[in-house]
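Spelled out from the first residue to the last, the chains are:
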Amino acid sequence: MFVPVPVFTWTGFYAGFNAGYGFDASNRDTNVYNNVFPNLVRGGAAGLAGAGGPSQVAYSDRSNEGFTGGGQIGYNYQFTPGSGVVVGIEADAQYVDFGRSRNNFVLTPGFAPVAGVTFVDPRGTASLDYFGTVRGRLGYAFDRTLVYGTGGFAYGAGSEERSFGGFRGNDSFRTGWAAGGGIEYALPTDSFFNFFKSSAVTFKVEGLYVNLDQNNRNAGVYAVDTNNVVYRQPGFAGRNSGTEFAVVRAGLNYKFGSY
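What you see is a predicted model; the values in this text were computed from it and never measured. (Residues numbered from 1 in each chain as written. Predicted model: local features only at pLDDT ≥ 70, side-chain atom pairs only at ≥ 80, totals over all residues. Heavy atoms only, no water.)

Across its full length, the protein chain carries zero helices and 17 strands. In the protein chain, buried positions account for 50% of the 259 residues. Residue pairs in contact within the protein chain that sit at least 24 positions apart in sequence constitute 77% of those at least 6 positions apart. Working note: accessible area of the protein chain is about 11600 Å², and carbon and sulfur atoms make up 65% of it. (Helix = DSSP H or I, 4+ residues; strand = E, 2+ residues; numbered from the N terminus. Buried < 20%, exposed > 50% of the residue type's maximum accessible area, 1.4 Å probe, protein only. Contact = heavy atoms within 4.5 Å. Areas by Shrake-Rupley, 256 points an atom, 1.4 Å probe, with all protein chains shown as cover.)

This is the structure in C-alpha cells:
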C-alpha cells in the first residue's frame with residue numbers, strides 16, 4: 001500500500017537556543033580620551049589630587065566585543081507547504097560579554113585614581129550585560145531551506161560595574177531597533193539533535209544589527225565615586241549617540257506543530 005510522504009511546512013510554534021559573537025558597529029574609533037577631571041586623579045611630584053596638569057585615560061578595546069548567547073521563541077506561518085512565502089514573529093533574550101573589561105583602564109604615567117573613584121568605559125557597548133528583541137520575519141522556503149529577513153524592536157541594559165547587574169553607577173534601560181537576516185535548514189525528524197521529539201529540528205545562521213538609541217540616561221559617564229556620583233564631560237564617547245553592535249550567531253530551534 002502506498003503511503004504518501006507528508007510535505008514539509010514551516011508553520012508552527014518553535015523554541016530554541018543560540019550562541020555567537022558580537023562586536024561594536026558604531027563609528028567611534030578611539031579608546032583614548034583627554035583632560036580627565038583633575039579632582040579624580042593624583043599626580044605630580046607631590047602625588048596630590050588635582051596636581052600635575054591634565055591626564056589621559058585609555059580603555060580596553062575588549063569592551064567592544066565578546067560572546068553572546070541566549071534563547072528564542074516564535075511562530076511561523078507558511079502560505080503554501082513545500083516551497084513558498086513564510087511569515088513569522090520571534091522574541092529572544094541574550095547575554096552579552098562586552099562588559100568583562102569595562103573597568104580596565106590606563107592613566108597617563110605618574111597619575112592614579114583618587115581613593116573611591118572607579119573609571120568605567122564610556123562607550124555604550126561596554127555597559128551592556130544583556131539585550132533582547134521582538135522581531136517580525138519574512139522569507140521564502142525552498143522546501144526545508146528558509147531564507148529570511150527580520151526586523152523590529154530591541155532593548156538592553158547593564159551596569160557600569162564589572163559584576164552582572166550591579167547597582168553602582170547602574171546604566172539605564174535602553175531601547176531601539178534591530179534588523180538582519182539569515183538562513184535556516186530543517187534537519188530530518190529523526191536527527192540526533194531532536195531531544196524533545198518535536199515535529200522538526202531546524203539549524204540557523206543569522207546576522208543581526210542592533211541600535212539601542214533611546215533612554216541612554218548615563219550618556220558619556222567615565223567615572224563613578226563611592227557616593228554614586230557619576231562624572232561625564234564633552235569629548236568622551238557618549239551613549240546618547242546610541243549603543244550600536246552587530247551579532248553573528250548560530251542556533252537550534254525545536255518546532256512543534258504540523259510536519
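The next thing to look at is the pairing of strand 15 (residues 221-224). Across two bridges, the pairing between strand 10 (residues 118-119) and strand 15 is antiparallel. Bridging from a neighbouring strand, Thr118 pairs with Val224 of strand 15. Bridging between strand 15 and strand 16 (residues 230-232) involves three bridges; their strand directions are antiparallel. Within strand 16, the position partnered with Val221 by the bridge is Arg232. Between the antiparallel neighbours strand 15 and strand 16 lie five residues, among them Asn228 with a positive phi of about 65 degrees. (Pairing = 2+ DSSP bridges.)

Below, the discussion takes up a nonpolar patch on the surface. Where nonpolar side chains cluster on the molecular surface, the patch consists of Tyr77, Phe79, Val85, Leu138, Tyr140, Phe142, Val147, Ile183, Phe203 and Val205 and spans about 910 Å² of accessible area. Breaking the nonpolar patch down by element, the ones donating at least two residues are strand 11 (130-142) and strand 14 (200-214). In terms of residue count, the dominant contributor to the nonpolar patch is strand 11 (three residues). The topology assignment puts Tyr140 in strand 11. (Patch = residues over 30% accessible without salt bridge, like charges linked within 9 Å, V, L, I, M, F, W, Y side chains within 5 Å. Salt bridge = Lys/Arg side-chain N within 4 Å of Asp/Glu carboxyl O.)

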